[in-house]
Amino acid sequence: MAPHTIAELTRAGKEILAAASVEEPRRTAGLLLQFALKVDPLFVLIHPTHAVALEAALSYFHLLERRASGEPVQYITGRQEFYGLDLEVTPHVLVPRPETELIVDAVQELNRQPTPTIIDVGTGSGCIAVALASRIPASRVFAVDISAEALNVARGNALRHGVEDRIHFVHGDLFKAFDGWAEPPKADFIASNPPYVSTDELETLPREVREHEPHLALIAGDNADSVHRRLLCQGERYLRAGGFMICEMGAGQYPGILELVEAGVYSLLQVKEDLQGIPRILVLERLP
């Protein structure tokens, strides 16, 4: 007899995902069942004997197949939480991750301006820009991305959270986006989660990342720190004296990226570690 209650479907989903070596198979099965049923998480927890209609059950098993094949659950549901915000995500943008929230923390900790100007370079889903615009209501944010599709996702997230009037979306490659501007922004903060995976490292990434997340946002090129090099070199023009450059970096990259920091332009202020103790966020201050 085919499973048809919430408990039976969750159990069956857990077995399918576990066989495919998906992490947290029970939790993921519950999330996908919740999505298929269009109910909140509490409903799935407190109604284990609830009978599920055949159409919804078939939809659920289709979602399980997608996840078992390696597709991230965030792309399946189209949602990811970041800094307490419910954000839309699509395969055009990276899935926002907890370590990137440290960038938002750093900006808030350092901000002393009533109306700070912030440039978010490589905005992707807009997670950093939207979180900062939400947390610092008087801020003026420029969200830059080379991908027009990513900017569309970011615009939607800004609209969803009511901050679209304070975020300027700019299409372009890093600071080239401001080429031709009569008065390009001079920022109090430049924040960035840039690509920091080398071409050779791509095959070492988990299948979910390697096969599904956008390579444009992942791959820096032959050298993993090549985008950081450009970010630091070009960014000084757009950062006021006393302003802060705050960027994410990959595991083991801190010593190499620190060597790129030009003496007399920036001073090292702080390095934030992620939950695994990995140096993850570099905080630099622009010298006069």
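First things first, this report covers the structure right here in the doc. Predicted model, so just to flag it, every value in this text is computed and none were measured.

A word on the packing of helix α2 (residues 25-37) against helix α4 (residues 54-68)
It is at 9 Å that the axes of α2 and α4 come closest, and there the two elements cross at 135°. In terms of axis orientation, α2 runs oblique to α4. When you trace α2 past α4, the crossing you get is right-handed. Here Thr 28, Ala 29, Leu 32, Leu 33, Phe 35, Ala 36 and Leu 37 of α2 come into contact with α4, specifically with Ala 56, Ser 59, Tyr 60, Leu 63, Leu 64 and Arg 67. The residue makeup of the contact of α2 with α4, split by class, is ten nonpolar, two polar and one charged.

Looking at a nonpolar patch on the surface
Residues Leu 42, Leu 45 and Ile 46 make up a contiguous nonpolar surface patch of about 340 Å² in total accessible area. Checked against the element boundaries, Ile 46 lands in helix α3 (residues 41-46).

Overview of the nonpolar core
If you look at the biggest cluster of nonpolar residues, it comprises 33 residues, and the most contacted ones within it are Phe 82, Val 107, Leu 132, Ile 167, Phe 169, Phe 189 and Ile 246. Excluding residues that lie within four positions of it along the chain, Ile 167 makes contacts with Ala 129, Val 130, Ala 133, Val 141, Ala 143 and Ala 158. Grouped together as the second largest cluster of nonpolar side chains are 27 residues, Phe 175, Phe 178, Tyr 266 and Leu 284 included.

Section: the environment of His 215
One can find His 215 in helix α10 (residues 215-218). The spatial distance from the C-alpha of His 215 to the C-alpha of His 92 is 9.4 Å, given a sequence separation of 123 residues. Leave out the neighbours within four places in its chain, and His 215 touches Leu 202 and Arg 210.

Thresholds applied
- Residues numbered from 1 in each chain as written.
- Predicted model: local features only at pLDDT ≥ 70, side-chain atom pairs only at ≥ 80, totals over all residues.
- Heavy atoms only, no water.
- Axes fitted to C-alpha atoms, helices over the stretch in contact; angles between N-to-C directions.
- Helix = DSSP H or I, 4+ residues; strand = E, 2+ residues; numbered from the N terminus.
- Parallel < 35°, antiparallel > 145°, perpendicular 65-115°, else oblique.
- Left-handed = near helix turned anticlockwise from the far one by under 90°.
- Contact = heavy atoms within 4.5 Å.
- Nonpolar A, V, L, I, M, F, W, Y, C, P; charged D, E, K, R; others polar.
- Patch = residues over 30% accessible without salt bridge, like charges linked within 9 Å, V, L, I, M, F, W, Y side chains within 5 Å.
- Areas by Shrake-Rupley, 256 points an atom, 1.4 Å probe, with all protein chains shown as cover.
- Salt bridge = Lys/Arg side-chain N within 4 Å of Asp/Glu carboxyl O.
- Core = buried A, V, L, I, M, F, W, Y, C linked by side-chain atoms within 4.5 Å.
- Buried < 20%, exposed > 50% of the residue type's maximum accessible area, 1.4 Å probe, protein only.

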